[in-house]
Amino acid sequence: MADFDPEKFEDKYANYFPELQQAYKNAFNRMNDQYDSELVHAIDQQVLNESEPFYEGDGEFRIELPDDPYDRLTGVLVERDRFEEVLERHVEEIETELQRVFGFA
């Protein structure tokens, strides 16, 4: 675990890249065990690859998604409601993992 500094998180890719990779990987692995792996992989590669984590304060993180995440999905047939449900759960997992990796959980 890295000593977390909110100011350093503003340049997160320079200061915390390994921790960010670990949080996203842990969330992916958990999601892949619980949901359709084809959908989870598509979300990871086509939506979350363009997401941006932000530190909100008080140990809380937020994931900002790219515009129109459902429209970015290719190669997987899934209803919008199901997609949004799995995406929301995946984002929650990433936020939880960020808290854990940075010592807030």
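Computed from a predicted model, the values in this text were never measured in an experiment.

Phi at Asp-58 is positive, roughly 55°, even though this residue is not glycine. Among the secondary structure elements, Asp-58 is positioned in the loop between strand E1 (52-57) and strand E2 (60-64). One non-glycine residue, Asp-68, lies in positive phi territory at about 50°. The residue Asp-68 is located in the loop between E2 and helix H5 (69-72) in this model.

Counting residues in each nonpolar core, the largest one holds 28 residues, and the members touching the most others are Leu-39, Phe-83, Leu-98 and Phe-102. Breaking this core down by element, the ones donating at least two residues are helix H3 (17-34), helix H4 (37-46), E2 and helix H6 (80-101). The leading source of residues in this core is H6, at seven residues. Ignoring sequence-local partners within four residues, the contact set of Leu-98 consists of Leu-20, Ala-23, Pro-53, Phe-61 and Ile-63.

Now for the pattern of salt bridges. Across all of its chains, the model carries eleven salt bridges by this definition. Ionic pairing is found between Lys-12 and Glu-52, a salt bridge with its closest N-O pair at 3.2 Å. In this pair, Lys-12 is assigned in helix H2 (residues 12-15) and Glu-52 in strand E1, connecting sequence segments 40 residues apart. Taking relative accessible area as the criterion, Lys-12 reaches 6% and is therefore assigned buried. For Glu-52, a relative accessible area of 24% corresponds to the partly exposed category. Residue Glu-97 is joined to Arg-30 by a salt bridge in which the shortest nitrogen-to-oxygen separation is 2.9 Å. Linking Glu-97 in helix H6 with Arg-30 in helix H3, this pair joins segments that are 67 residues apart in sequence. Under the relative-accessibility criterion, Arg-30 is labelled partly exposed at 32%.

Quick notes on the rules
Residues numbered from 1 in each chain as written. Predicted model: local features only at pLDDT ≥ 70, side-chain atom pairs only at ≥ 80, totals over all residues. Heavy atoms only, no water. Helix = DSSP H or I, 4+ residues; strand = E, 2+ residues; numbered from the N terminus. Core = buried A, V, L, I, M, F, W, Y, C linked by side-chain atoms within 4.5 Å. Buried < 20%, exposed > 50% of the residue type's maximum accessible area, 1.4 Å probe, protein only. Contact = heavy atoms within 4.5 Å. Salt bridge = Lys/Arg side-chain N within 4 Å of Asp/Glu carboxyl O.

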